[in-house]
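Here's the letter readout for the chains.
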Amino acid sequence: MTITATEQGDAPLVDRVELTAHPLQRIGAYALAALAEVDSVAVVSGGRLESVAALMTDHAVAAATGPDSKAPEGFWLKCSLSFFPNSPMNHPSNGKKAPSVVADAVRRWRGRPSSARDPLAPCVLCGRPGVGFYGKLDVALAESDAYRNNTPRGHQGMALCWPCLCCFYALPYGSQLSGGPGMALHSWDEDFLAWTVAEQVDRNRREILVGRGVPRQPPSREVLALRALREYRDELNAGVELLVYSNNNRGQVLDVHVMDQPLAEWLRRTSQAPAARAGYSALLRAHKTADRPGVVALARNAFRDPGRIVATASGWLSRQACAGRLPAGTSELVTLCMSYVDEVMGMDQENLAEIRATADRVGQLLGEGTAGQFNKFYAAFRKSALLRGWLRRQAADWALHGPQATGMGASVPGPSLVSTRAYELLFDPGLDSQAWFHRELFLFAVLEKLHQLDWRPQDADQAAKELAEDEEDAMEDEDLVEGRETR
Ligand SMILES: [Zn+2]
């Protein structure tokens, strides 16, 4: 595109794109920069801003006067129903009008309002002079679904300045389009946001604007986020929000899913680092279900219930241990999950050591037993009262028959199976949510010990046969690590 050269500083302040506190406006601002093919939002101003606005208007005119929304090339028009319903772009009577009439209407809608229309009210987002009042027609949902842009009767909407209005026109370019709700990532890490929006603009340009038509199956919402994290090369300094929104007349939505910075950064690193590759691959296998690849459930856990990441991994290992074997990748998965506990949960090291020491003894005990015995332990594990009972029975046995420590020339009792402190950490109702997580960690550490002992129970062969089918399914999931998952 041709850019009229107006560099930063030349344009009056009112003509420059500014970043505000509104996440959707910010995504639009970075989309404008990407469309203008510049690295910084601040240089989108003056003639450059006008050129990008004209480019977006051209796209809207082409979509409105092109094939209908059901044709493959009509995808951009179909998307407009989610972003700009009731606009001249998709008016029901457009099919009966001459293309030039439709084009004129779209250009009037998208053109910069003349100064005579200035409402003399400041822009609600940046405080600069507004150029009009805008509602649902132009602006996707505001910050919360409780504050929709259904402007009340007699009220004209919110005042916006021209650059902020252009950001909302650019928003679809920075969003993953589905034909239904749009999805976009937001972060207060400016470098990440600039990068991820530019990537999305690029994809949309390739897939839709150059006429390839409807994109292949768009990624599920959480997978979109995980993909971005896996591809981003720099450290993340802020969390990531996933926004799912639609301005459609049939149902407005704004869902916001948040992933805190430590988890986002951990996922970014572990999904990229060669050293964590085997562990990450096992983590995906652990999250795989009959009808969904592991990456979907992992991403969902990351946004909705991060504690379940470790629980899903330990559950997967345990089910295989019930069949008498631990899968390849066990030790890498354990290492990965322990790094999660350390870096994301920030767990107290003394507490962790206490749980691991107890798990070490329980692992030693189970390591001498059969798959059937592990099965009983795992059945008890799933209810805390049963687990407590199981541990008490084993502790009594351990006290009588467990290893003895030697000292002063005489045999003295070794450490008890479960220390008082470990009991507290695992079962204290006052530590409710943490106790739940401590038990998951404990299970994990027991499995780690079994793996260290190279545990091969006598009844493993029989049990392994039953597992063979599941293993075949799991192999298919390996592809996901290579980045070939359904986009
Ligand atoms: Zn503004």
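Presented here is a report on the structure given in the accompanying data block. All values reported here derive from a predicted model rather than from experimental measurement. (Residues numbered from 1 in each chain as written. Predicted model: local features only at pLDDT ≥ 70, side-chain atom pairs only at ≥ 80, totals over all residues. Heavy atoms only, no water.)

**A short note on helix α7 (residues 221-231)**
Counting buried positions along α7 yields 9 of 11 residues, so the element is predominantly enclosed. Regarding α7, the residues found buried are E222, V223, L224, A225, L226, R227, A228, L229 and R230. (Buried < 20%, exposed > 50% of the residue type's maximum accessible area, 1.4 Å probe, protein only. Helix = DSSP H or I, 4+ residues; strand = E, 2+ residues; numbered from the N terminus.)

**Observations concerning the coordination of the zinc ion**
Within the protein, C123 (SG), C126 (SG), C161 (SG) and C164 (SG) serve as the donor atoms for the zinc ion, at 2.3 Å. Angles of 100 to 117° at the metal separate the 4 donor atoms of the zinc ion, which places the site in the tetrahedral class. Positions of the donor residues of the zinc ion along the chain correspond to the pattern C-x2-C-x34-C-x2-C. Placement of C126 in the loop between α4 (99-110) and β1 (132-134) and of C164 in helix α5 (residues 162-170) is noted, with a sequence separation of 38 residues between them. (Donors = N, O, S within 2.8 Å, 3.2 Å for Na, K, Ca; no water. Tetrahedral: all angles 85-135°; square planar, octahedral: opposite > 155°, others 65-115°.)

**Let's talk about the sheet that holds strand β4 (residues 240-246)**
Taking strand neighbours across the sheet as the criterion, the 3 strands line up as β3-β4-β5 in an open arrangement whose pairing is antiparallel. Strand pairing shows two members of the sheet lacking a second neighbour, β3 (182-187) and β5 (253-259), which therefore form its edges. The average angle at which neighbouring strand axes cross in this sheet is 20°, direction not considered. Inspection of the sheet shows β4 paired to β5 by 7 bridges, in the antiparallel sense. (Pairing = 2+ DSSP bridges. Axes fitted to C-alpha atoms, helices over the stretch in contact; angles between N-to-C directions.)

**Some points on the environment of W436**
Its place among the elements puts W436 in helix α17 (residues 432-452). Judged by its relative accessible area of 29%, W436 falls in the partly exposed class. Along the backbone, W436 and S384 are 52 residues apart, and their C-alpha atoms lie at a distance of 8.6 Å. For W436, the contacting residues outside a window of four places in its chain are G307, R308 and A311. (Contact = heavy atoms within 4.5 Å.)

**Description of the environment of W109**
Structurally, W109 is set in helix α4. Residue W109 is classed as buried on the basis of its relative accessible area, which comes to 12%. Along the sequence, W109 and M89 sit 20 residues apart, while their C-alpha atoms lie 9.0 Å from each other. Here W109 is in contact with F84, S87, P88, M89, L137, D138 and Y169, once residues within four sequence places are set aside. Among the polar contacts made by the side chain of W109, one reaches the side chain of D138 at a distance of 2.7 Å. (Polar contact = N/O pair within 3.5 Å; in protein donor to acceptor, adjacent residues only side chain to side chain.)

**So, the pairing of β4**
Taking burial as the measure, the 7 residues of β4 include 7 buried ones, the bulk of the element. Side chains V240, L242, V244 and S246 project from β4 onto one buried face, and the interleaved E241, L243 and Y245 project onto a second face that is buried too. In textbook terms, the turn of a hairpin is the stretch between consecutive antiparallel strands, and for β4 and β5 this stretch comprises 6 residues.

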